[in-house]
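Structural overview for review
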Amino acid sequence: MITKEIIEETRLGELKNFYRYATGASIDTRILKKGDIFFALVGENTDGHNFISDAFENGASLCVVSKLWFEKNKDRFKSMPFWIVDDPLKAMQTLSKFYLKRFDIPRLAITGTAGKTTCRKFIFTVLSTKYNVHTTIGNYNNHIGMPLSILSLNRNHQISIVEIGTNKPGEIAYLCDILKPTHGLITNIGYGHIEFFGSKKGVAEEKGSLFKILPESGIAYVNMDDPYIVRIDTSAKKITYGIKRKKCDYHATILEFDNFGRATIKLNSHIIKISTPGRFSVYNALTAYTVAKSFTIEDEAIIEALSKLEPDPQRFNITDFNGIKIIDDTYNANPDSTSASIETLNLMNTGGKKIFIFGDMLELGKHSIKAHKSIGTQISRSNIDEFYCTGNLAYHSYLRAKELGFKKAYHYENKIELANAVIKNIKKGDLILIKGSRGSKMEEIIEYIMKGV
């Protein structure tokens with residue numbers, strides 16, 4: 001619980017009419033639970049201060065507001081509980097830091113270019129076989145979401161797994177200063193958000209802040225297959241894992257892939273059938289196994305948990321629709337995750353055509369055109385039958401594929417035209433993968449296809 005004493009310890013602002021405790025925190029009155037603190041954050045499109053009445057009606061125990069707003073509105077809310085501060089976001093971040101001091105439990109921070117959320121799910125699943133595990137709410141991994149997730153921690157939790165994302169220099173270090181992680185894991189170093197970091201080396205420096213902040217008594221889980229991660233300094237104990245590199249604490253060998261791209265692996269003498277497709281799922285399973293062993297979980301429990309995992313929505317989620325398999329991988333896209341998705345599609349077998357539908361990958365800056373061309377190159381060398389694109393950047397992928405002799409590559413000005421073209425051409429037995437950055441909203445194409453088939 002979040003008490004009055006913890007709030008006062010922050011030495012921020014003024015607390016009025018708050019005499020009890022809060023059971024959680026929220027920034028959205030639509031999902032606010034009775035007893036939550038409501039933080040009135042100001043965003044690009046909304047101002048949380050406009051929903052103070054809703055917050056109290058829904059049972060908020062306290063509303064955190066700016067001084068400017070309170071001075072203008074205090075007569076409307078006499079005797080209601082308020083925490084009046086200069087900046088509600090700064091107050092939430094600071095409160096989460098002070099709140100964490102009440103908990104003496106392992107705190108595992110996960111960052112990386114791609115696969116953070118899925119990797120976290122794998123680890124959460126295996127650790128939950130033995131412990132009561134706290135984890136990030138949804139995909140709340142930025143300067144707003146991470147503090148909000150921390151405030152959902154309670155006394156029953158024995159381990160906390162927190163996902164940390166970034167799209168600007170210094171953000172990882174700032175969030176780690178709040179979290180004070182005892183364990184750290186970097187999934188990989190790639191081109192995601194490279195617009196803000198200049199190069200992969202810049203991405204590595206930003207992500208590497210996690211390892212550098214770990215205490216000597218902590219643990220850094222090191223992916224030995226990633227040359228950038230291997231070079232990151234840390235004073236923490238290193239536990240290593242890999243597929244390509246055999247000199248690791250934990251090593252996995254891929255034995256085979258089935259028709260759905262699901263791997264069977266040999267991991268430290270154990271044969272494991274992974275329930276989710278792709279080579280990236282092998283890394284997730286290996287990573288989860290590595291972390292679980294450091295928390296003394298028995299092999300049998302880990303293997304059973306890994307065999308039952310299912311992908312999250314919009315993360316290579318496979319649906320059979322009227323005999324057509326649609327793979328929804330629309331949550332996000334960068335060059336690394338897109339390449340991995342194409343590779344996974346290559347591994348899969350189907351009685352019909354393999355179709356890849358692609359939208360723009362964003363936040364790549366000066367690397368944008370080169371990155372999109374590389375996807376076109378990969379398509380030209382794949383066993384994919386048809387390639388559909390939409391978006392100004394994906395146009396370069398289309399052109400590159402055509403230049404390299406891939407005949408059935410198409411580009412459309414908008415998603416409706418693309419969907420209509422696909423609908424005319426698909427048959428039962430076909431396998432369709434849809435991918436693009438969050439801002440491209442490629443899930444709309446799935447909706448159009450399902451309505452039109």
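Residues numbered from 1 in each chain as written. Predicted model: local features only at pLDDT ≥ 70, side-chain atom pairs only at ≥ 80, totals over all residues. Heavy atoms only, no water.

Within a sheet, neighbouring strands are paired by backbone hydrogen bonds and run either parallel or antiparallel to one another. Pairing in this open sheet of 5 strands is mixed, and the strands run β1-β5-β4-β3-β2 from one edge to the other. Of all strands in the sheet, those with a lone pairing partner are β1 (14–16) and β2 (24–26), marking the two edges. Taking each pair of neighbouring strands and ignoring which way they run, the sheet shows an average axis angle of 20°. Pairing of strand β4 (residues 62–66) with strand β5 (residues 82–85) involves 4 bridges; the strand directions are parallel. (Pairing = 2+ DSSP bridges. Helix = DSSP H or I, 4+ residues; strand = E, 2+ residues; numbered from the N terminus. Axes fitted to C-alpha atoms, helices over the stretch in contact; angles between N-to-C directions.)

What follows concerns the layout of surface pockets. Taken as a whole, the second largest pocket encloses approximately 560 Å³ of empty space. If you go around the second largest pocket, you meet 23 residues; those closest to its centre are Leu41, Val42, Gly43, Glu44 and Thr46. Contributing elements (two or more residues each) for the lining of the second largest pocket: β3 (36–39) and α4 (88–100). Residues belonging to the lining of the second largest pocket are distributed by class as follows: 10 nonpolar, 8 polar and 5 charged. (1 Å grid on protein atoms, 1.4 Å probe; cavity = no way out; pocket = protein on both sides within 12 Å on 5 of 7 lines; lining within 4 Å. Points joined across faces, edges and corners; volume = space filled by probe spheres on them. Nonpolar A, V, L, I, M, F, W, Y, C, P; charged D, E, K, R; others polar.)

Quick look at the packing of helix α5 (residues 116–127) against helix α11 (residues 279–294) now. For the pair α5 and α11, interaxial distance at closest approach is 9 Å and the crossing angle is 40°. As summarised for this structure, α5 and α11 are arranged oblique, according to the angle between their axes. Two packed elements cross with a definite hand, and for α5 against α11 that hand is right-handed. When α5 is examined against α11, the residues Thr118, Cys119, Phe122, Ile123, Val126 and Leu127 are found in contact with a partner set consisting of Ser281, Asn284, Ala285, Thr287, Ala288, Val291 and Ala292. Tallied by class, residues from the contact of α5 with α11 come to 9 nonpolar, 4 polar and no charged. (Parallel < 35°, antiparallel > 145°, perpendicular 65-115°, else oblique. Left-handed = near helix turned anticlockwise from the far one by under 90°. Contact = heavy atoms within 4.5 Å.)

With that settled, consider the sheet that holds strand β6 (residues 107–111). The strand order β7-β8-β6-β9-β10-β11-β12-β13-β14 describes an open sheet built from 9 strands, whose pairing is mixed. The open sheet has two edge strands, β7 (133–135) and β14 (270–277), and neither has a second partner. This sheet shows a mean twist of 20° between the axes of neighbouring strands, independent of strand direction. The pairing of strand β12 (residues 250–257) with strand β13 (residues 262–267) spans 5 bridges and is classified as antiparallel. If you follow Phe257 over to β13, its bridge partner there is Ala263.

Helical periodicity: at 3.6 residues per turn, an α-helix aligns residues three or four positions apart in one direction. Every buried residue of helix α7 (residues 171–179) is accounted for by Glu171, Ile172, Leu175, Cys176, Ile178 and Leu179. When α7 is viewed along its axis, its buried side chains cluster within an angular range of 155° and face the same direction. Residues of α7 that are buried make contact with α4, β6, α6 (145–150), β8 (159–163), α8 (200–207) and α9 (209–213). Just downstream of α7 lies Lys180, where phi reads positive at about 50°. (Buried < 20%, exposed > 50% of the residue type's maximum accessible area, 1.4 Å probe, protein only. Arc of directions from axis to C-beta.)

Between its first and last C-alpha, α5 extends 16 Å over 12 residues, near the 16 Å set by a 1.5 Å rise per residue. Within the span of α5, buried status applies to Lys116, Thr117, Cys119, Arg120, Phe122, Ile123, Val126 and Leu127. (Expected span 1.5 Å × (residues − 1).)

Turning to the side chain of Glu386, a few remarks are in order. Relative to the helices and strands, Glu386 resides in strand β18 (residues 386–390). Here Glu386 occupies a buried position and makes no salt bridge, while the nearest side chain of opposite charge, Lys408, is found at 4.3 Å. With residues near it in sequence (within four places) discarded, Glu386 still touches Lys353, Lys354, Ile355, Phe356, Phe406, Lys408 and Asn425. (Lys, Arg positive; Asp, Glu negative; His and termini not counted. Salt bridge = Lys/Arg side-chain N within 4 Å of Asp/Glu carboxyl O.)

This part is about unusual backbone geometry. Phi is positive for Ser269, which is not a glycine, with a value near 80°. Secondary-structure assignment places Ser269 in the loop between β13 and β14. Exposure remark for Ser269: the relative accessible area of 58% places this residue in the exposed category.

Once that is clear, we can look at the nonpolar core. The biggest cluster of nonpolar side chains holds 50 residues, and the ones touching the most others in it are Ile37, Phe39, Trp83, Leu95, Ile164 and Phe211. Top contributing element to this core by residue count: α4, with 7 residues. Those residues within four positions of Phe211 in sequence are excluded, and the remaining contacts are Gly184, Leu185, Ile186, Ala220, Tyr221, Val222, Ile229, Ile232, Asp233 and Thr234. Counting 39 residues, the second largest nonpolar core, distinct from the first, contains Cys119, Leu267, Ala285 and Ile302. (Core = buried A, V, L, I, M, F, W, Y, C linked by side-chain atoms within 4.5 Å.)

What describes a pair of aromatic rings is the distance from one ring centre to the other and the angle between the planes of the rings. Going through the model one piece at a time under the given rule, you end up with 16 aromatic pairs. A ring pair is formed by Phe356 and Phe358, whose centres lie 5.6 Å apart and whose planes are at 25°; its orientation type is stacked. You can call Phe358 buried: its relative accessible area is 0%. Linked through ring pairs, Phe56, Trp69, Phe70, Phe77 and Phe82 together constitute an aromatic cluster. It is Arg155 that lies over the ring of Phe103; its NZ or CZ is 4.8 Å from the centre. Note that Arg231 overlies the ring of Tyr228, its terminal NZ or CZ placed 5.2 Å from the centroid. (Phe/Tyr/Trp six-rings, centres within 6.5 Å; stacked < 30°, edge-to-face > 60°. Lys NZ or Arg CZ within 6 Å of the ring centre and 35° of its normal.)

A word on the pairing of β5. Covered by surrounding structure in β5 are Phe82 and Ile84 together with Trp83 and Val85, the residues of both alternating faces. Here 3 bridges tie β1 to β5, and the two strands are oriented antiparallel to one another. Across the sheet, Leu15 pairs through a bridge with Trp83, a residue of β5. This β-α-β element, β4 to helix α3 (residues 67–73) to β5, shows right-handed connectivity. (Right-handed = clockwise from strand over helix to strand, strands pointing away.)

Relative to the assigned elements, His183 resides in strand β9 (residues 183–186). When its relative accessible area of 11% is taken as the criterion, His183 is described as buried. Reaching out from His183, the side chain makes a polar contact with the side chain of Thr182 at a distance of 2.7 Å. Residues contacting His183, with those up to four places away along its chain left out, are Pro106, Arg107, Leu108, Ala109, Leu214, Ile219, Tyr221 and Phe295. (Polar contact = N/O pair within 3.5 Å; in protein donor to acceptor, adjacent residues only side chain to side chain.)

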